[in-house]
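# Summary of structural features
As a plain string of letters, each chain reads:
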Amino acid sequence: SASTSWTTFGFYLLLSLLIAAANGCATAALNFVSMQTKVLFKSSKIVTTMLLGVLCFGKFYDVSEYACMLLVVGGLAAFLLATSSGSLAASLPGVALLTIGVLSDSLVPNVQQKLLTTRPMHELVFHSNWISAAITLVYMGFTGEALTAWLFLKRRPRVLALLLLQSIAGYLGILAYLQTVRGHGSKVTVLVTSCRKLFTI
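Residues numbered from 1 in each chain as written. Predicted model: local features only at pLDDT ≥ 70, side-chain atom pairs only at ≥ 80, totals over all residues. Heavy atoms only, no water.

### Observations concerning the overall build of the protein chain
Formally: Runs of H or I in DSSP of at least four residues are treated as helices and runs of E of at least two as strands, each being numbered from the N terminus. Burial status follows relative accessibility: with a 1.4 Å probe on protein chains alone, a residue under 20% of its type maximum counts as buried, one over 50% as exposed, and anything between as partly exposed. Any two residues whose heavy atoms approach within 4.5 Å at even a single point are treated as in contact. Areas reported here follow the Shrake-Rupley algorithm with a probe of radius 1.4 Å; residue values treat only the protein chains shown as occluding.
Across its full length, the protein chain carries 8 helices and 0 strands. Reading the protein chain from its N terminus to its C terminus gives the helix and strand order α-α-α-α-α-α-α-α. The burial tally for the protein chain puts 34% of its 201 residues in the buried class. Considering only intrachain contacts with a sequence separation of at least 6, the fraction spanning at least 24 residues in the protein chain is 85%. Counting only carbon and sulfur atoms, one obtains 72% of the accessible surface of the protein chain, whose full area is about 11,900 Å².

Structure (structure tokens):
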């Protein structure tokens, strides 16, 4: 029905805004905090994902799942603190941006899981990406970054090839990510993406 279509589109719009907020705030926070602080904040996403799942989506977790969550976060925090060569410098604007980013990022797998119960995966990928791209283009046009990016790419066209490779890798990654969301839920997916940070480092 038309109302169902608009409801579904509303969820896609919400998902795209959450993704844009999560990525944008986390990147902007690097103007105020260290990379280690950013990774440490994002590593704690499993905590807010589970809490928001309970508060907003009516999910329930048993004691062993909470214990597992604390062990993962504690292990990642210990690893980052042990391997950090500098201090975990932070400022109030940076912490605020990271908090908004982590809260937005925590809602993403919950919304995705809800959509995947009724919508096909390729549809979710298509709609969330074109809406996110439109939001990003509007923002870039408003801030003037679109012109700066265009001039940069004209000077260094090989960056386009790197962006294409990044897009392909990102597409394959999001397919695997969404398959994990569909098959195992938001909690397990966030645990996997948190462990991924160890391989990244």
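And the narrative resumes.
### Points about the environment of Met69
Relative to the helices and strands, Met69 resides in helix H4 (residues 63-83). As for Met69 and Ile46, which are separated by 23 residues in sequence, their C-alpha atoms are 6.6 Å apart.

### Describing the nonpolar core
Heads up, the rule is: Take the buried residues of types Ala, Val, Leu, Ile, Met, Phe, Trp, Tyr and Cys, join any two whose side-chain atoms come within 4.5 Å, and each joined set is a nonpolar core.
Counting residues in each nonpolar core, the largest one holds 14 residues, and the members touching the most others are Leu15, Leu115, Leu116, Leu124 and Leu178. If we ignore the near neighbours within four places in the chain, the residues touching Leu116 are Met121, Leu124, Leu178, Val181 and Arg182. By size, the runner-up hydrophobic cluster in this structure holds 6 residues, among which are Ile46, Met50, Tyr61 and Met69.

### A look at the packing of helix H6 (residues 121-143) against helix H7 (residues 145-155)
In plain terms, the rule: The axes are straight lines fitted to the C-alpha atoms, using for helices just the contacting stretch, and the angles between their N-to-C directions are given from 0 to 180°. When an angle is under 35 degrees it counts as roughly parallel; over 145 it counts as roughly antiparallel; between 65 and 115 it counts as roughly perpendicular; any other value is oblique. Throughout, the ten residues Ala, Val, Leu, Ile, Met, Phe, Trp, Tyr, Cys and Pro are labelled nonpolar, Asp, Glu, Lys and Arg are labelled charged, and all others, Gly among them, are labelled polar.
Two elements in contact, H6 and H7, have axes separated by 5 Å at closest approach and are oriented at 95°. One way to sum up the angle between H6 and H7 is to call them roughly perpendicular. Taking contact as the criterion, the partners of Tyr139, Met140, Gly141 and Thr143 in H6 are, on H7, Glu145, Ala146 and Ala149. Grouping the constituent residues of the contact of H6 with H7 by class yields 4 nonpolar, 2 polar and 1 charged.

### Description of the pattern of salt bridges
Here is the rule we go by: Any carboxyl oxygen of Asp or Glu that lies within 4 Å of a side-chain nitrogen of Lys or Arg is treated as forming a salt bridge with it.
Summed over all chains, the structure comprises 1 salt bridge. Between Arg119 and Glu123 there is a salt bridge whose closest N-O contact spans 2.8 Å.

### A closer look at a nonpolar patch on the surface
Selection criterion: Patch definition: residues above 30% relative accessible area lacking any salt bridge, with like charges linked at up to 9 Å and the nonpolar side chains Val, Leu, Ile, Met, Phe, Trp and Tyr linked at up to 5 Å.
A contiguous nonpolar patch, built from Trp6, Phe9, Leu13, Leu17, Phe126 and Trp130 and spanning about 650 Å² of accessible area, is present on the exposed surface. For the nonpolar patch, the secondary-structure elements that each account for two or more residues are helix H1 (2-29) and H6. Counting residues per element, the nonpolar patch draws most heavily on H1, at 4 residues. Relative to the helices and strands, Trp6 is located in helix H1. A relative accessible area of 64% means that Trp6 is categorised as exposed.

### A word on H6
Structurally, the α-helix is built with 3.6 residues per turn, so residues lying three or four positions apart point the same way. The test is simple: Helix span, as expected, comes to 1.5 Å for every residue beyond the first.
In a regular helix each residue adds 1.5 Å, so 23 residues correspond to 33 Å; H6 covers 33 Å between its end C-alpha atoms and thus fits that length. Buried within H6 are the following residues: Met121, Glu123, Leu124, Val125, Ser128, Ile131, Ser132 and Met140. Gly144, located one to two residues past H6, shows a positive phi value of around 85°.

### Quick look at the packing of helix H2 (residues 35-43) against helix H5 (residues 92-116)
Heads up, the rule is: Each crossing gets its handedness from the near helix: less than a right angle anticlockwise from the far helix is left-handed, clockwise is right-handed.
Where H2 meets H5, the closest approach of the two axes is 9 Å, and the angle between their N-to-C directions is 35°. For the pair H2 and H5, the sense of crossing is right-handed. For the pair H2 and H5, the contacting residues are Thr37, Lys38, Phe41 and Lys42 in the first and Val95, Leu98, Thr99, Val102 and Asp105 in the second. Looking at the contact of H2 with H5 residue by residue, the classes come out as 4 nonpolar, 2 polar and 3 charged.

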